[in-house]
Amino acid sequence: MLRVEIAGIKMKNPLMLASGILDLTKESMERFVDAGAVVTKSVGREERKGYKNPVVYEMEYGILNAIGLANPGVEEYVRELEEVGVENVIGSVFGGNAEEFGYVARKISPYVKAIEMNMSCPHAKRVGAEYPEDEIPDAVKEVKKAGKPVFVKIGMENILNRAERAIEGGADAVVAINTVKAMAIDIETGHPILGNRVGGYSGKGIKPIGIRCVYEISSNYEIPVIGVGGITRAEDVIEYMMAGARAVQIGAGVYYRDVSIFSEIAKELEEWLEKHGYTSIKDVIGIAIKK
Amino acid sequence: MHMCRIARVVEETSIHKTIFFDIEMKAEPGQFVMIWIPGVDEVPMSLSYIEGGTGITVEKVGEATEAIHGMREGDMLGVRGPYGKGFRMAGSKALFVAGGTGIAPLLPLIKRYRGEKHVVLGARTKEYLLFVEELKNISSLSITTDDGSIGFKGFATEMAEKIMEKEDFDIVYTCGPEIMMKKMLDLCMERGIEMQASLERYMKCGIGICDSCSINGYRVCKDGPVFDSNLLATMDEFGRWKRNEAGRRIEV
């Protein structure tokens, strides 16, 4: 009932663990056996320590974060990816140019079913949302050479242009959206709270933005879309899929409902579909676009 | 996050200060808070005082803790938490084994524990011993120092082993350097005594999502920081590996 397929990757349900959440170590990833796929931490060519604390700030309607792409570097990181006991592992990579993207993709490729290019981290210099739009196609082409399906993760800003550039480069799917660039200030002391001052906002508060982005991409292009942003319940998954998503990713939801969110939402999804007379979740994909 | 005013500062030793906040916090012994020093850093700190004031005891070890040491009554710090799983009450006769600042999370537990209590308090040298007078009043206290400046000359684990040879305990609670806690785990496993230990790892989010502090797939910030001996015995990283800020595995 929940089975979906994206770029030839079969998943028992459309629920993927979003990059950056409990995916630095093999044993943490293995806690997500109930997910259709697990996306790894974004890794680059070299070790990065990330930004200074605070890197996470809990707010009323979401979470603000600026981890800063901390990662041990791809050569070290792939040690965590030997036979990870989950259904599918998708490798998230970042880079400052096509050559760097290609390098990291080739290193991680043997360990993963697909590669997700992080081109949307809202608070990293050059390597995320600031990655030049006109250079996206070349980077995608370079990553494609690693021989695996390529997903391109884009953020809310200029989303249609960036989606089009990803398609031009031969992307197999786009993932939308990343966290939304945001900031918080402590008014008692006047200090910006995050160590990096500016970060990305995720969680419940950004869901309508994600829905809009997925809807716009799906309305304009044929490319499969993976929806992400503020999913905490089965109803949110249905909404994203009605907007056109073929699968979804859950990140901040792990904060709201902990690791068990995947098995719980999978069960809730089945109940919802049964109650509404659907036999497959695929039947809800894109419903809102046809209205 | 709550911005809290510092209500009182107690100079415990030349390298330790206890900071009391102007708030009441509903917390369990062993839980921790994330302390934000505006413009400097944010660090996890175990609560050393829970009842009759909320406080943390801070050893000066780096930039963040030095900044905390420089703060005075009336200054403000950001506090997130309390987070994590604290100590669980067990049995009616307990041995508490603390190394250095590791006594901080144990202090409110020792105060709350109902039953016979024996505390082994270890430090590098006499002047770094914490809470001696308080502990004397509520427990049977054995002191060890690495340099023998007071009490038994040697490690807290050696003293603990001597005590465990003479007496039976229902439970051992420990916090301190990981090598010490690993040795305590071995001693407890040999004797079939339950143990609970409070672990430390480089921590970022504090809320169980970033994976920075994980040990064998268990999050120190959320599944811990207190872990039971049965679980610790299955962790091959315990006493051996931790991770740096980038997530690279390094020796404990």
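Residues numbered from 1 in each chain as written. Chains lettered and ligands numbered in written order. Predicted model: local features only at pLDDT ≥ 70, side-chain atom pairs only at ≥ 80, totals over all residues. Heavy atoms only, no water.

Residue-level contacts link 37 residues of chain B with 37 residues of chain A. Contact with chain A buries surface across chain B, with I209, D211 and A246 of chain B losing the most and accounting together for 20% of the total. Taken together, the connections running from chain B to chain A amount to seven salt bridges. With its nearest N and O atoms 2.8 Å apart, the salt bridge here joins R31 of chain A to D223 of chain B. Between the two partners, chain B and chain A, sit 21 residue pairs in polar contact (both at pLDDT 80 or more). Sorting the residues of the side of chain B that touches chain A by element identifies β3 (32-37), β4 (41-49), β6 (76-83) and β14 (218-219) of chain B as the ones contributing at least two each. For the side of chain B that touches chain A, the element with the most residues is β6 of chain B, which contributes three residues. (Contact = heavy atoms within 4.5 Å. Buried area = accessible area lost by both parts, 1.4 Å probe. Salt bridge = Lys/Arg side-chain N within 4 Å of Asp/Glu carboxyl O. Polar contact = N/O pair within 3.5 Å; in protein donor to acceptor, adjacent residues only side chain to side chain. Helix = DSSP H or I, 4+ residues; strand = E, 2+ residues; numbered from the N terminus.)

Our focus in this paragraph is the nonpolar core. In a soluble, globular protein the nonpolar side chains are often hidden away together inside. Ranked by internal contacts, the top residues of the largest apolar core, which has 149 residues, are I108, M117, F151 and I217 of chain A. Here this core gets seven residues from one element, more than from any other, and that element is helix α9 (residues 261-275) of chain A. Mapping this core onto the domain boundaries places at least three of its residues in each of domain 1 (2-83) and domain 2 (93-199 + 231-241) of chain B. Those residues in contact with I217 of chain A that sit more than four places away from it in its chain are I154, I159, L160, A163, V174, A176, I223 and V225 of chain A. In terms of nonpolar packing, the next biggest core, distinct from the first, is built from 28 residues, F20, A90, L109 and Y113 of chain B among them. (Core = buried A, V, L, I, M, F, W, Y, C linked by side-chain atoms within 4.5 Å. Buried < 20%, exposed > 50% of the residue type's maximum accessible area, 1.4 Å probe, protein only. Domains from an automatic or database assignment.)

It is worth spelling out the side chain of S120 of chain A at this point. Residues and elements named next belong to chain A. One can find S120 in the loop between β8 (114-118) and α4 (136-144). Exposure remark for S120: the relative accessible area of 2% places this residue in the buried category. Side chain to side chain, S120 and N178 meet in a polar contact 2.9 Å long. Here S120 is in contact with G128, A129, K153, I154, G155 and N178, once residues within four sequence places are set aside.

Attention shifts here to the environment of L199 of chain B. Residue and element names in this part refer to chain B. Here L199 lies in the loop between β12 (194-198) and β13 (214-215). Once the C-alpha coordinates of L199 and I215 are considered, the two residues, 16 residues apart in sequence, prove to be 9.6 Å apart. The contacts of L199, once residues within four sequence positions are left out, are E178, M181, I215, V220, P225, F227, L232 and F238.

Moving on, we come to unusual backbone geometry. Put simply, N53 of chain A and P54 of chain A share a cis peptide bond, and its omega is -5°. Tracing the sequence through the fold places P54 of chain A in the loop between β4 (37-39) and β5 (56-58). Following G224 of chain B, the chain continues to P225 of chain B via a peptide bond in cis, the omega torsion being 10°. Within the secondary structure layout, P225 of chain B lies in the loop between β14 and β15 (226-228).

Residues and elements named next belong to chain B. Per the counting criterion, the structure on display carries twelve aromatic pairs over all chains. Ring centres 5.9 Å apart and planes at 55° place the aromatic pair F32 and Y83 in the tilted group. Residue F32 is found in strand β3, and its partner Y83 is found in strand β6; the two are separated by 51 residues along the sequence. Judged on exposure class, the residue F32 and its partner Y83 are both buried. Seen in terms of ring centroids, F87 and Y173 are 5.7 Å apart; in terms of plane orientation they differ by 90°. Their pairing is edge-to-face. Of the two residues, F87 sits in the loop between β6 and β7 (93-99) while Y173 sits in strand β11 (residues 171-175), which places them 86 residues apart along the sequence. (Phe/Tyr/Trp six-rings, centres within 6.5 Å; stacked < 30°, edge-to-face > 60°.)

Now for the domain arrangement of chain B. Residues and elements named next belong to chain B. Partitioning chain B into structural domains gives domain 1 (2-83) and domain 2 (93-199 + 231-241). For domain 1 versus domain 2, the separation of C-alpha centres amounts to 23 Å. Of the residues lining the interface, 18 residues belong to domain 1; the matching set on domain 2 comes to 15 residues. Note on domain 1 versus domain 2: buried area summed over both sides is about 1,400 Å², and carbon and sulfur give 55% of it. Looking at the side of domain 1 facing domain 2, the largest losses of area belong to P29, S48 and Y49, adding up to 30% of the total buried there. Across the contact surface, domain 1 and domain 2 share three salt bridges. Its salt-bridge partner being E51, residue R112 comes within 2.6 Å of it at the nearest N-O pair. Put simply, domain 1 and domain 2 have seven residue pairs in polar contact (both at pLDDT 80 or more) between them. Mapped onto the side of domain 1 that touches domain 2, the elements with two or more residues apiece are β2 (16-21), β4 and β5 (54-59). For the side of domain 1 that touches domain 2, a count of residues per class yields six nonpolar, eight polar and four charged. (Nonpolar A, V, L, I, M, F, W, Y, C, P; charged D, E, K, R; others polar.)

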